[in-house]
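The residues making up each chain are set out below.
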Amino acid sequence: MVQVNMLEAKTDLSKFVRMLESGEQDVVYIARNNVPVVQMTVIDFPSETQRIGAAKGRFTVPDDFDDWDGEVAELFGVAQ
C-alpha cells in the first residue's frame, strides 16, 4: 500500500499503474489534503488468450452426442 497526494498522482500516474500491474503494490491511495479519497487497484479481467479453452476439462461430450444428426437431417429434408 502506498499513499500519494493528488499532484503526485497526476504527475506519475503511469508509474503507479506499473507498480500495481507488476504486483509491487496491491493498492495505491490518492489523498487530498492528506486524507485518502481514492483507492486504485488492479482489475482482474481475463485476457482474450485466457478465454480460449477456459472450459477445458469442465465438460465432457457424451458418446451419443451425434446420434440425433440423422433424425434432424430428415426433419429438414436433407439426406445424409
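My aim in this report is to walk through the structure given alongside it, one point at a time. (Residues numbered from 1 in each chain as written. Predicted model: local features only at pLDDT ≥ 70, side-chain atom pairs only at ≥ 80, totals over all residues. Heavy atoms only, no water.)

Formed by V4, A9, F16, M19, L20, V28, I30 and M40, the largest nonpolar core amounts to eight residues. Breaking this core down by element, the ones donating at least two residues are α2 (13–22) and β2 (28–32). Among the elements that line this core, the one with the most residues is α2, at three residues. Sequence-distant contacts of A9, defined by excluding residues within four places in its chain, comprise V4, F16 and I30. (Core = buried A, V, L, I, M, F, W, Y, C linked by side-chain atoms within 4.5 Å. Buried < 20%, exposed > 50% of the residue type's maximum accessible area, 1.4 Å probe, protein only. Helix = DSSP H or I, 4+ residues; strand = E, 2+ residues; numbered from the N terminus. Contact = heavy atoms within 4.5 Å.)

Among the secondary structure elements, Q25 is positioned in the loop between α2 and β2. Judged by its relative accessible area of 16%, Q25 falls in the buried class. At a separation of 2.8 Å, a polar atom in the side chain of Q25 contacts the main-chain amide nitrogen of M1. Not counting chain neighbours up to four residues away, the residues in contact with Q25 comprise M1, V2, M19 and L20. (Polar contact = N/O pair within 3.5 Å; in protein donor to acceptor, adjacent residues only side chain to side chain.)

There is a patch of like negative charges on the surface, built from D63, D64, D66, D67 and D69. On the secondary structure map, D69 appears in helix α4 (residues 69–75). (Patch = residues over 30% accessible without salt bridge, like charges linked within 9 Å, V, L, I, M, F, W, Y side chains within 5 Å. Areas by Shrake-Rupley, 256 points an atom, 1.4 Å probe, with all protein chains shown as cover. Salt bridge = Lys/Arg side-chain N within 4 Å of Asp/Glu carboxyl O. Lys, Arg positive; Asp, Glu negative; His and termini not counted. Charge placed at Lys NZ, Arg CZ, Asp CG, Glu CD.)

Moving on, we get to the environment of V35. Within the secondary structure layout, V35 lies in strand β3 (residues 35–40). V35 sits in the partly exposed class, given a relative accessible area of 47%. Residues V35 and V4 lie 31 residues apart in sequence; the distance between their C-alpha atoms is 9.9 Å.

The next subject is a nonpolar patch on the surface. A surface patch of nonpolar side chains, amounting to about 620 Å² of accessible area, comprises W68, V72, L75, F76 and V78. Within the secondary structure layout, F76 lies in the segment after α4. Residue classification places F76 among the exposed residues on the basis of a relative accessible area of 68%.

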